[in-house]
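# Structure assessment
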Amino acid sequence: MSHEPPESLTIGQLADRAGVAVRTIRYWSDVGVLTPERRSSGGYRLYGAEAVARLELVRTLRELGLGLEEVSRVVRSETTVAEVAATHVAALDARIRALKVSRAVLSTVAKRGSTAEETALMNKLARLSVDERRAVIEDFMKEVADGVDGAPDMEERLRRSPVELPDSPTPEQVDAWLRLAELIQDPDFRAGMRRMLELSTPAGRRHGGHIWFTGHVVAAVREARQSGVDPEGADASGVLAELFGDADRSEVLEALQAGLDAGAERFRELLRTVRGHDPQPSRAEEYTWLRQALRAELQRVPGV
């Protein structure tokens, strides 16, 4: 007859009751996570009735990804489940963010058919910290805007609304950031944007700055275009007069063309996507109308 207390469970009984493999319980016992209550006279491990609940806790924590050292601290009451959970939530959030970035980079690589070198560069750009991304933008602005009168307004706009990926960026945001980072490091793009700024700031021309840095010009042109105003007709001249007053139309046209050539619209749309803003309708038709209207008016001016 057994002299063991009725509440004592052998490792096999505990395994049956908890639905956990014997070898798993034995391993957890060996590492100190699930300590036997005592040993039988024959040297077998015996567990108390509370071991079932403790085993369920250990299994749950392991399924949630906690390490054995953390589990051991919990069962020894050296820390609480809540404290360990809070730490793991932060770690999992960071891991999830990293996985989302990895997925976005791989998706972009697949779409582009990128080389190994391009893939390495994209991965590096995608994983830049907030400060590193800000440094990339500031370097771009320094080269493009330094010494250009009126350009600090553009710098101030970027500082008020920095180029920051959220904690959980969408694949579209990561892809937009990659394209933006590549674009602003292109010497030709930088040169084109500087030329656009030189022509578009108020110091360079009284009204041309409105073309690229406010929306009312586009809105007014869209209204005229949708109303059927012929860009080469007399009514178009009235639209231009309302927008640009007596500013030299050749300067307005030059600034418009400089922005189009530089890719200012693409730059702006990439910024919007990175910041999580909804995409704007294409402005291509408005810019085409405006360019036609400016050219037509210049052709009507004697000596032009």
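Everything that follows concerns the structure shown earlier in this document.
Residues numbered from 1 in each chain as written. Predicted model: local features only at pLDDT ≥ 70, side-chain atom pairs only at ≥ 80, totals over all residues. Heavy atoms only, no water.

## Observations concerning the overall build of the protein
On a plain count of helices and strands, the protein comes out with 16 helices and three strands. By the burial criterion, 39% of the 304 residues in the protein qualify as buried. In the form shown here, the protein has an accessible surface area of approximately 16900 Å², with 52% of it arising from carbon and sulfur atoms. (Helix = DSSP H or I, 4+ residues; strand = E, 2+ residues; numbered from the N terminus. Buried < 20%, exposed > 50% of the residue type's maximum accessible area, 1.4 Å probe, protein only. Areas by Shrake-Rupley, 256 points an atom, 1.4 Å probe, with all protein chains shown as cover.)

## Here's the deal with the layout of surface pockets
Taken as a whole, the second largest pocket holds about 260 Å³ of empty space. Contributing to the lining of the second largest pocket are 14 residues, with Val-101, Ala-126, Leu-128, Arg-133 and Pro-166 lying nearest its centre. Put simply, the parts of the chain that give the lining of the second largest pocket at least two residues each are helix 5 (81–112) and helix 7 (130–145). With four residues, the single largest contributor to the lining of the second largest pocket is helix 5. (1 Å grid on protein atoms, 1.4 Å probe; cavity = no way out; pocket = protein on both sides within 12 Å on 5 of 7 lines; lining within 4 Å. Points joined across faces, edges and corners; volume = space filled by probe spheres on them.)

## Focus on the packing of helix 12 (residues 216–226) against helix 16 (residues 284–300)
Packing of helix 12 against helix 16 leaves a shortest axis separation of 9 Å and a crossing angle of 80 degrees. Between helix 12 and helix 16, the interaxial angle falls into the category roughly perpendicular. Counted together, Val-217, Val-218, Val-221, Arg-222, Ala-224 and Arg-225 of helix 12 and Glu-285, Glu-286, Tyr-287, Trp-289 and Leu-290 of helix 16 form the full contact between these two elements. When its residues are assigned to classes, the contact of helix 12 with helix 16 shows seven nonpolar, no polar and four charged. (Axes fitted to C-alpha atoms, helices over the stretch in contact; angles between N-to-C directions. Parallel < 35°, antiparallel > 145°, perpendicular 65-115°, else oblique. Contact = heavy atoms within 4.5 Å. Nonpolar A, V, L, I, M, F, W, Y, C, P; charged D, E, K, R; others polar.)

## Here we look at the packing of aromatic side chains
Under the defined criterion, the tally for this structure stands at three aromatic pairs. With centroids separated by 5.8 Å and ring planes inclined at 15 degrees, the aromatic side chains of Phe-140 and Phe-189 adopt a geometry described as stacked. Residue Phe-140 is found in helix 7, and its partner Phe-189 is found in helix 10 (residues 187–200); the two are separated by 49 residues along the sequence. Across the pair, Phe-189 and Phe-140 agree in class, each one buried. With 5.5 Å between their ring centres and 50 degrees between their planes, Phe-140 and Phe-267 make a pair best called tilted. (Phe/Tyr/Trp six-rings, centres within 6.5 Å; stacked < 30°, edge-to-face > 60°.)

## Looking at the nonpolar core
By size, the foremost hydrophobic cluster in this structure holds 38 residues, and its most contacted members are Phe-140, Trp-177, Leu-180, Ile-184, Met-193 and Phe-267. Counting residues per element, the ones that place at least two in this core are helix 5, helix 6 (116–126), helix 7, helix 9 (171–184), helix 10, helix 14 (249–262) and helix 15 (264–274). Broken down by element, the residue count for this core peaks at eight residues, all from helix 9. Among the nonpolar cores identified, the runner-up in size contains 21 residues, and Ala-15, Val-33, Leu-34 and Leu-61 belong to it. (Core = buried A, V, L, I, M, F, W, Y, C linked by side-chain atoms within 4.5 Å.)

## Observations concerning the sheet that holds strand 3 (residues 45–47)
Reading across the sheet, the three strands line up as 1-3-2 and stay open at both edges, with antiparallel pairing between neighbours. Each having just a single partner strand, strand 1 (9–10) and strand 2 (38–39) make up the two edges of the open sheet. Where strand 1 meets strand 3, two bridges bridge the pair, whose relative direction is antiparallel. Of the residues in strand 3, the one forming a bridge with Leu-9 is Tyr-47. (Pairing = 2+ DSSP bridges.)

## Some thoughts on the packing of helix 3 (residues 51–63) against helix 4 (residues 68–75)
Helix 4 packs onto helix 3 with a crossing angle of 145 degrees between their chain directions and a minimal axis gap of 10 Å. Helix-helix and strand crossings are classified by hand; for helix 3 and helix 4 the assignment is right-handed. Between helix 3 and helix 4, the residues in contact are Arg-54, Leu-57, Val-58, Leu-61 and Arg-62 and Leu-68, Val-71, Val-74 and Val-75, respectively. Residues that form the contact of helix 3 with helix 4 fall into these classes: seven nonpolar, no polar and two charged. (Left-handed = near helix turned anticlockwise from the far one by under 90°.)

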